[in-house]
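# Structural overview
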Amino acid sequence: MKRLRVPKPFIFAVAAVFSGFVAGALLMLIIGKNPIVGYAALFRGAVKNPAVSLSAVGQTLIMSAILCLSGLSLAFAGKVGLFNIGAAGQMLIGGFAASVAVYRLPTDCPKALTIAVILVVGAFGGAVWAGVAGVLKARFGINEVVATIMLNWVAFWTVDYFVRNYFPRDAYVKTTSRVLPDAMSLRLQWLEKIFDSRFVNFGLFVAVAMVVLTWFIMNKTVFGFELRAVGANRFAAEYAGIHAGTGTVCAMLIAGALAGLAGVTYYLGYVTSIQVGVLPSYGYDGIAVALVGQNSPGGVAAAALLFGVLRSGKDFMTIETGIMNELADCVIAIIIYFSAAIMLYEKLSAKLTKKRAAAPAAAETGGGKP
Amino acid sequence: MPPVIEMRNITKTFPGVAANSNISITLEEGEIHALLGENGAGKTTLMGVLFGLHRPDSGSVYIRGEKRRIAGPPDAAALGIGMVHQHFKLVPAFTVTENIMLGTKRFLLNTKKAAADIAALSARHGLGVDPHAKIEAVSVGMQQRVEILKMLHRNADILIFDEPTAVLTPQETAELMKIMRSLISQGKSIIFITHKLHEIKAVADRCTVLRAGKVSGTVNVADTSAEQMAEMMVGRKVSLNVVKPPPREGQPVFAAQNITVWGARRETAVRQASFEVREGEILGLAGVDGNGQSELAEALAGLRKIHSGSLTLRGKDITRASVKKRMRQGLAHIPEDRGKRGLILDFSLADNLALALYDRPPFSRHGLRDFNQINLYAQKIISDFDVRAASGGQTSARAMSGGNRQKAVVGREMERKPAVLIAVQPTRGLDVGSIEYIHKRLLALREDGCAILLVSLDLDEILELSDRVAVISRGRIAGVLGAAEADKNTVGLMMAGAGKGAEVT
Ligand SMILES: Nc1ncnc2c1ncn2[C@@H]1O[C@H](COP(=O)(O)OP(=O)(O)O)[C@@H](O)[C@H]1O
Ligand SMILES: [Mg+2]
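As the structure is a prediction and not an experimental result, all values here were calculated from the model. (Residues numbered from 1 in each chain as written. Chains lettered and ligands numbered in written order. Predicted model: local features only at pLDDT ≥ 70, side-chain atom pairs only at ≥ 80, totals over all residues. Heavy atoms only, no water.)

On to the sheet that holds strand β14 (residues 306–313) of chain B. All names here are of chain B. Pairing in this open sheet of four strands is antiparallel, and the strands run β12-β11-β14-β15 from one edge to the other. This sheet does not close on itself; its edge strands, each paired only once, are β12 (268–278) and β15 (316–317). Across two bridges, the pairing between β14 and β15 is antiparallel. Opposite Leu313, over in β15, you have Lys316 as the bridge partner. (Pairing = 2+ DSSP bridges. Helix = DSSP H or I, 4+ residues; strand = E, 2+ residues; numbered from the N terminus.)

Below, the structure is given as structure tokens:
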């Protein structure tokens, strides 16, 4: 009786991605370029010539890893009905906290311990930052979107202040934090050798591990079930004895930890110092990754990989074909629009059926929002 | 004269279900024709075909003798067909007038004139609708009348009511019946969908019974007993009267002492309520809707704070205990609002059936869920309580019909073998067959020694099942009556506020 059924979210995501590429092809045709040539260059740009050097592949992978971690942060919160728009701030704080911790480590500290310190402190920093928003939501009902956006700017200025005053690169450049030696970062020599690139770092494995771990938590554990219950219907969750406030705080803590890990992969691996005056764009790109990945860990991983390819291949496409590299951004943007439209449609139709389901209570409007 | 409506050999299938197979039905001018059937029998679908919402696979529709193709609701409206849907289609933030004007496709809205027209129309039919009231501010019963006005305003003379009484209190139901009769006297014809037999007996001329998408017969209501119709509907003999063994004299297991509970706006919803439920007894809580019974039930279940007073379960104080603690002490709760509280619609049926036990062995060990055990348990409830779901435990709760969702919640709570069960309107919106079944299960649970608090707006249900009846009125327990002294009249008077005065056991 078992029939293989492709899950609906999967079909939707593929449809959105397909539409994005079709629209991109149309754009290329309009500007008089051959889309096949264009896309071929784009994908070639993401891998270049792997027989000679894996550096382009490495570049694509590590970008994808950062996108993946920040996407997981949003997806995890999203599953619990929360919109963690503050992944950028959490990345920054996580990266900053880990950098400060590493500054304090002795230079002969074993590599394994250094990595452990970076990961733990980074995750912790992000968790605390997001946890504040979680507590505000659970205790005072303050919308997490507002709280996390505001916390982004608190993070921005806090890091700005401390970097300028306590950890500047040197006496002249105060807008960048002190640069960490490769040995004191997530960079690994053997990875550098394989990929012929210093950027590729331990964060790659962290991302893979987190995809598996978040999937496991969400789908296999009692804790994950409780969190999903809070996200899907907090009233029913309360009825089942699940404390919605606790769930909210836990979800934000975990989402923040994931963003913190994205932060260390970026600030203590991809680069090795913190530039003040900007919030990491990866934090915002995570929104799109989670959206296209439909909040599922596997989907997030796939979406991160796709976006990583588009990001890292676009400059090569420009050089090869003269198609402006904004076109790759257009493809990304269109994929996001289609995903959002599909999500919206799903939400609306779900709301309608929910209304119908709550037939006897149909009169009490606006009760069902989680 | 040809019938106003004749539907001939209508067949409509949805993927996997034959919702209507070869159904023929006629509506004569000036009659109230009841359409009776259990949930899922195909009543709404058949009316959807008539109203142009569904295209039939085969069959044809004749309006006043002429064959018509009804491609959509506008076609139906042009033919004078109006429908009050099972779930109202009103915009909460709009006024009555705005809602009625909505979709009339006129470029300029003359709201003033429209409001006057609507007021006149409302007065003519004795509906008592205020054209300027916002929908969100009026009761469900009033919203339904707005839907009726909407049809009348569009000059419909064939009126379809899809389960209009499911959302009404007994008083509102009686009013609606009056309105339906008055509409008939003004020359309208009505199709009235319901699964409550006494309503059919009260107003309908003829009744067509559907069972599993097929017509099992059309009868003259005057010549047919409620039992006969129930049998046609369910397909087997149904006993409409519950047989209840005498109560045993059990110990009190669940006792409330001077409980005060606040409502949503911090008003005192329940005031100093005291009562006890004994082992193996059903205590009915009767009251008009909105007199504090919802708040009381929530407070007992731990979902609302008990402001003062105390609550004990088997002698243990649980006044401040968490929901989880109460559950572990053996408290079960069939919540009032199944869509909101009772089920997580996006989760599978199996997850929902284990919702109270998910964190305990054998359903989870060391924090990991055991899906085999969960599915086995779900399967047991599904078969024990005859929950119909397309893909068993893996069905998403959202994809299930209302009646089956309800059976799932009832099954989940009863399967736990609770010491105390708070059952809030356990049969609301269900068909006769399911009601009979749930009543039987409640009585079986009572035989097993469970103390049951039955909260219901249906006084007949309370009187039929309860060993004692507590009456709540404006947040106070007006009195507790033994089965012998609890008759409709006495309880009705106490519900209306004429307290018995006597303190509670
Ligand atoms: N739009 C639909 N798509 C698929 N199945 C449907 C749809 N509408 C109704 N059904 C199915 O058709 C059957 C009859 O439903 P319905 O006409 O709503 O029954 P009733 O109104 O008598 O309770 C049910 O099995 C229901 O699940
Ligand atoms: Mg129906």
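Let's pick the thread back up.
Take the pattern of salt bridges next. As enumerated under the stated definition, the model contains 38 salt bridges over all chains in all. Among the ionic pairs, Asp285 of chain A bridges to Arg311 of chain A, the shortest N-O distance being 2.2 Å. Pair noted here: Asp285 of chain A is in helix α12 (residues 281–292) and Arg311 of chain A is in helix α13 (residues 297–321), with a separation of 26 residues, a long-range link. The exposure class of Asp285 of chain A is partly exposed, given its relative accessible area of 22%. Lys244 of chain B is the salt-bridge partner of Asp467 of chain B, the closest N and O atoms lying 4.0 Å from each other. Residue Asp467 of chain B is found in the loop between α16 (459–465) and β21 (468–473), and its partner Lys244 of chain B is found in the loop between α8 (226–234) and β11 (252–262); the two are separated by 223 residues along the sequence. Asp467 of chain B sits in the buried class, given a relative accessible area of 9%. (Salt bridge = Lys/Arg side-chain N within 4 Å of Asp/Glu carboxyl O. Buried < 20%, exposed > 50% of the residue type's maximum accessible area, 1.4 Å probe, protein only.)

This part covers empty space enclosed by the protein. Any empty space left between atoms is shown by rolling a water-sized probe over those atoms. Scanning the model with the defined rule gives three cavities of 30 Å³ or more in all. Taken together, Tyr239 of chain A together with Ala301, Leu303, Val323, Arg326, Met327, Leu331, Ala332, His333, Glu413 and Arg416 of chain B make up the full set of residues lining the largest cavity. Secondary-structure elements contributing two or more residues to the lining of the largest cavity are α10 (323–328) and β16 (331–334) of chain B. Class assignment for the residues of the lining of the largest cavity results in seven nonpolar, one polar and three charged. (1 Å grid on protein atoms, 1.4 Å probe; cavity = no way out; pocket = protein on both sides within 12 Å on 5 of 7 lines; lining within 4 Å. Points joined across faces, edges and corners; volume = space filled by probe spheres on them. Nonpolar A, V, L, I, M, F, W, Y, C, P; charged D, E, K, R; others polar.)

Our next topic: a nonpolar patch on the surface. A cluster of nonpolar side chains, namely Phe18, Val22, Leu26 and Leu29 of chain A, defines an oily patch on the protein surface of about 400 Å² accessible area. Considering the arrangement of structural elements, one finds Leu26 of chain A in helix α1 (residues 8–30). (Patch = residues over 30% accessible without salt bridge, like charges linked within 9 Å, V, L, I, M, F, W, Y side chains within 5 Å. Areas by Shrake-Rupley, 256 points an atom, 1.4 Å probe, with all protein chains shown as cover.)

Attention shifts here to the confidence of the model for chain B. Residues and elements named next belong to chain B. Taken over all residues, the pLDDT of chain B has a mean of 89, while the share at 70 or more is 96%. Every residue in residues 501–505 scores below 50 in pLDDT, and together they form seven contacts with partners more than four places removed in sequence or on other chains. Under the prediction, the complex receives an ipTM of 0.82, its pTM being 0.75. (pLDDT = per-residue confidence, 0-100. Contact = heavy atoms within 4.5 Å.)

This next bit is on α8 of chain B. Of all the residues in α8 of chain B, the buried ones are Ala226, Met229, Ala230, Met232, Met233 and Val234 of chain B. Phi turns positive, to about 90°, at Gly235 of chain B, one or two residues after α8 of chain B.

Let us look at helix α8 (residues 203–220) of chain A. Residue and element names in this part refer to chain A. Over its 18 residues, α8 extends 25 Å from the first C-alpha to the last, a length consistent with the 26 Å expected when each residue adds 1.5 Å. Buried within α8 we find Gly203, Leu204, Val206, Ala207, Met210, Val211, Thr214, Ile217 and Met218. Along the long axis of α8, the arc covered by the buried residues comes to 155°, so they all point the same way. Across from the buried face of α8, at angles greater than 90 degrees, the exposed residues are Val208 and Val212. In this structure, the buried side of α8 is in contact with α3 (55–79), α5 (111–140), α7 (189–195), α9 (222–232), α11 (244–270) and α13. (Expected span 1.5 Å × (residues − 1). Arc of directions from axis to C-beta.)

Residues and elements named next belong to chain B. Here we have six strands laid out as an open sheet, ordered β6-β7-β8-β3-β9-β10, and mixed in their pairing. With partners counted over all chains shown, the strands left at the sheet margins are β6 (81–84) and β10 (214–220), one partner each. Across the sheet, the axes of successive neighbouring strands diverge by a mean angle of 20°, strand direction being ignored. As paired strands, strand β7 (residues 158–161) and strand β8 (residues 189–194) are joined by four bridges and run parallel to one another. Within β8, the position partnered with Ile158 by the bridge is Ser189. Each of β3 (32–36), β9 (206–211) and β10 touches α8; the most contacted strand, β9, lies at about 30° to it. (Axes fitted to C-alpha atoms, helices over the stretch in contact; angles between N-to-C directions.)

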